[in-house]
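Listed here are the chains, written in short residue letters.
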Amino acid sequence: AVGDSVKIRRAVAQLNAKPVVNADIGSGIFVSKMGEMSGSALLKEWAKTNRSRLVYALLWSTGNENSLRSAALAQRLRDIYPPDELTLLYIGIPTDDSRLNEEYIVRNNLKGDHLLLTGNQYENLGFDGFGGGVLLDRSGKMVKRDVPLPDQFDELNKQIQRQLNR
């Protein structure tokens, strides 16, 4: 537990020291966080570092138990698809205390890419009004809205396969 809290504090300090795009904070966790940039611009910056053909983007929040469960279940995608085929992108919905999302990512070892947004960035990201899962092409453009959440894994897998086989 002491080791975990040291690891969490170190990762949070790294993220708050300066703006970052795809910073490796350890064990396969990559974070992009830039407060002075719009949400859509941050997504575009992140997409420049993306190397996979398809991206499964999942909205999540520390204040919503269902989204936390989905975030954990989404890890299965990393076991099935190689990184050049599919990237798992977590989009953290802003909370009053931004450190909660950062700490949760590290504590629960949510491997993948993460966009940590401010309230304004989230509002202009263009993902509002959908149920949590989206498929993006390699440049960050939306190819399918309202993709099933990871708790409907078979259906989610079918939709990912459909997009990869195009």
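Attention here is on the structure that accompanies the text. Keep in mind the model is a prediction, meaning the values are calculated, not measured.

### Some words on helix H3 (residues 65-73)
Working step 1: All buried positions along H3 are accounted for by Ser67, Leu68, Ser70 and Ala71. For H3, the buried positions fall inside an angular range of 160° around the axis, keeping them on one side. Residues of H3 that are exposed and angled more than 90 degrees away from the buried face: Glu65 and Asn66.
Working step 2: Tucked inside the fold, the buried residues of H3 contact strand E3 (54-60), helix H4 (75-80), strand E4 (86-92) and helix H5 (99-107).
Working step 3: Near the N-terminus of H3, the side chain that reaches the backbone nitrogen of Asn66, with its oxygen 2.9 Å away, is that of Asn64.

### With respect to a positive patch on the surface
Working step 1: Side chains of Lys144, Lys158, Arg162 and Arg166 sit close together on the surface and give a patch of like positive charge.
Working step 2: In this structure, Lys158 sits in helix H7 (residues 153-164).

### Observations concerning the pairing of strand E6 (residues 133-137)
Consecutive side chains along a regular strand alternate between the two faces of the sheet.
Working step 1: The buried count for E6 comes to four of five residues, which makes it a mostly enclosed element.
Working step 2: Sheet topology places E3 next to E6; five bridges connect them, and they run antiparallel. Looking across to E6, one finds that Leu58 is bridged to Gly133.
Working step 3: Alignment of E6 against strand E7 (residues 142-144), held across two bridges, turns out to be antiparallel. In the sheet register, Leu135 faces E7, and the bridge partner there is Lys144.
Working step 4: Linkage of E6 to E7, two consecutive antiparallel strands, is achieved through a turn of four residues, within which Gly140 is found at a positive phi near 95°.

### Description of the pattern of salt bridges
Working step 1: Counted according to the given criterion, the structure contains four salt bridges.
Working step 2: Of the charged contacts in the structure, one is a salt bridge between Asp151 and Arg69, with a shortest N-O distance of 3.0 Å. In this pair, Asp151 is assigned in the loop between E7 and H7 and Arg69 in helix H3, connecting sequence segments 82 residues apart.
Working step 3: Look at Asp151 and you get partly exposed, because its relative accessible area is 41%.
Working step 4: Taking relative accessible area as the criterion, Arg69 reaches 40% and is therefore assigned partly exposed.

### Details of the packing of aromatic side chains
Working step 1: In total, this model carries one aromatic pair according to the counting rule given.
Working step 2: Look at Trp60 and Tyr104: their rings are 5.6 Å apart centre to centre, the planes differ by 35°, and that puts the pair in the tilted class. Remark: Tyr104 occurs in helix H5 and Trp60 occurs in strand E3; sequence separation between them is 44 residues. The residues Trp60 and Tyr104 share a single accessibility class, namely buried.
Working step 3: In this structure, Arg76 is placed above the aromatic ring of Phe153, and the distance from its NZ or CZ to the ring centre is 3.7 Å.

### Considering the side chain of Thr87
Working step 1: In this fold, Thr87 is placed in strand E4.
Working step 2: A polar contact is formed between the side chain of Thr87 and the side chain of Asn50, at a distance of 2.9 Å.
Working step 3: Setting aside its immediate chain neighbours within four residues, Thr87 contacts Trp46, Asn50, Ser52, Leu54, Val55, Tyr56 and Asp113.

Conventions we followed
Residues numbered from 1 in each chain as written. Predicted model: local features only at pLDDT ≥ 70, side-chain atom pairs only at ≥ 80, totals over all residues. Heavy atoms only, no water. Buried < 20%, exposed > 50% of the residue type's maximum accessible area, 1.4 Å probe, protein only. Helix = DSSP H or I, 4+ residues; strand = E, 2+ residues; numbered from the N terminus. Arc of directions from axis to C-beta. Contact = heavy atoms within 4.5 Å. Polar contact = N/O pair within 3.5 Å; in protein donor to acceptor, adjacent residues only side chain to side chain. Patch = residues over 30% accessible without salt bridge, like charges linked within 9 Å, V, L, I, M, F, W, Y side chains within 5 Å. Areas by Shrake-Rupley, 256 points an atom, 1.4 Å probe, with all protein chains shown as cover. Salt bridge = Lys/Arg side-chain N within 4 Å of Asp/Glu carboxyl O. Lys, Arg positive; Asp, Glu negative; His and termini not counted. Charge placed at Lys NZ, Arg CZ, Asp CG, Glu CD. Pairing = 2+ DSSP bridges. Phe/Tyr/Trp six-rings, centres within 6.5 Å; stacked < 30°, edge-to-face > 60°. Lys NZ or Arg CZ within 6 Å of the ring centre and 35° of its normal.

Function cannot be inferred from these measures alone, as they are strictly geometric.
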